[in-house]
Amino acid sequence: MESRLLEIIACPVCNGKLYYNQEKQELICKPDGLAYPLRDGIPVLLESEARTLTSDETNP
């Protein structure tokens, strides 16, 4: 994930900052507790495609 892209994209739900999880290939929105997948290197920023973070993921 290119760092310049992370600077300009935002969570589609709250417009907040997204964090890249390289291991899981996801963009994480901590306030909403959502993880958006990357498919073939392309962020899928649809709420319907996001998974809900577990309590372990939201409270490290």
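Residues numbered from 1 in each chain as written. Predicted model: local features only at pLDDT ≥ 70, side-chain atom pairs only at ≥ 80, totals over all residues. Heavy atoms only, no water.

- An unreviewed UniProt entry annotates the chain as UPF0434 protein JT31_05145 of Cedecea neteri.
- Its UniProt record, at the heading Sequence similarities (unreviewed entry), says of the chain: "Belongs to the UPF0434 family." (UniProt positions renumbered as here; feature names shortened; annotations may be inferred.)

**Considering the side chain of Glu-26**
Here comes step 1: Looking at the secondary structure, you find Glu-26 in strand 2 (residues 26-29).
Here comes step 2: Assessed through its relative accessible area of 9%, Glu-26 is described here as buried.
Here comes step 3: At a separation of 2.7 Å, a polar atom in the side chain of Glu-26 contacts the side chain of Arg-51.
Here comes step 4: Ignoring sequence-local partners within four residues, the contact set of Glu-26 consists of Tyr-19, Tyr-20, Asn-21, Ala-35, Tyr-36, Pro-37, Leu-38 and Arg-51. (Helix = DSSP H or I, 4+ residues; strand = E, 2+ residues; numbered from the N terminus. Buried < 20%, exposed > 50% of the residue type's maximum accessible area, 1.4 Å probe, protein only. Polar contact = N/O pair within 3.5 Å; in protein donor to acceptor, adjacent residues only side chain to side chain. Contact = heavy atoms within 4.5 Å.)

**So, the environment of Leu-38**
Here comes step 1: By secondary structure assignment, the location of Leu-38 is in strand 3 (residues 34-39).
Here comes step 2: Given the relative accessible area of 12%, Leu-38 is considered buried.
Here comes step 3: On a C-alpha basis, the gap between Leu-38 and Glu-26 in space is 5.6 Å, while along the polypeptide they are 12 residues apart.

**Focus: the pairing of strand 2**
Here comes step 1: With burial as the criterion, each face of strand 2 is covered, one bearing Glu-26 and Ile-28 and the other bearing Leu-27 and Cys-29.
Here comes step 2: Bridging between strand 1 (residues 19-21) and strand 2 involves 3 bridges; their strand directions are antiparallel. Along strand 2, the bridge assignment pairs Tyr-20 with Leu-27.
Here comes step 3: Hairpin remark: strand 1 followed by strand 2, antiparallel, with 4 residues in the connecting loop; positive phi at Gln-25, about 55°.
Here comes step 4: Judged from the 4 bridges that link them, strand 2 and strand 3 form a sheet pairing that is antiparallel. (Pairing = 2+ DSSP bridges.)

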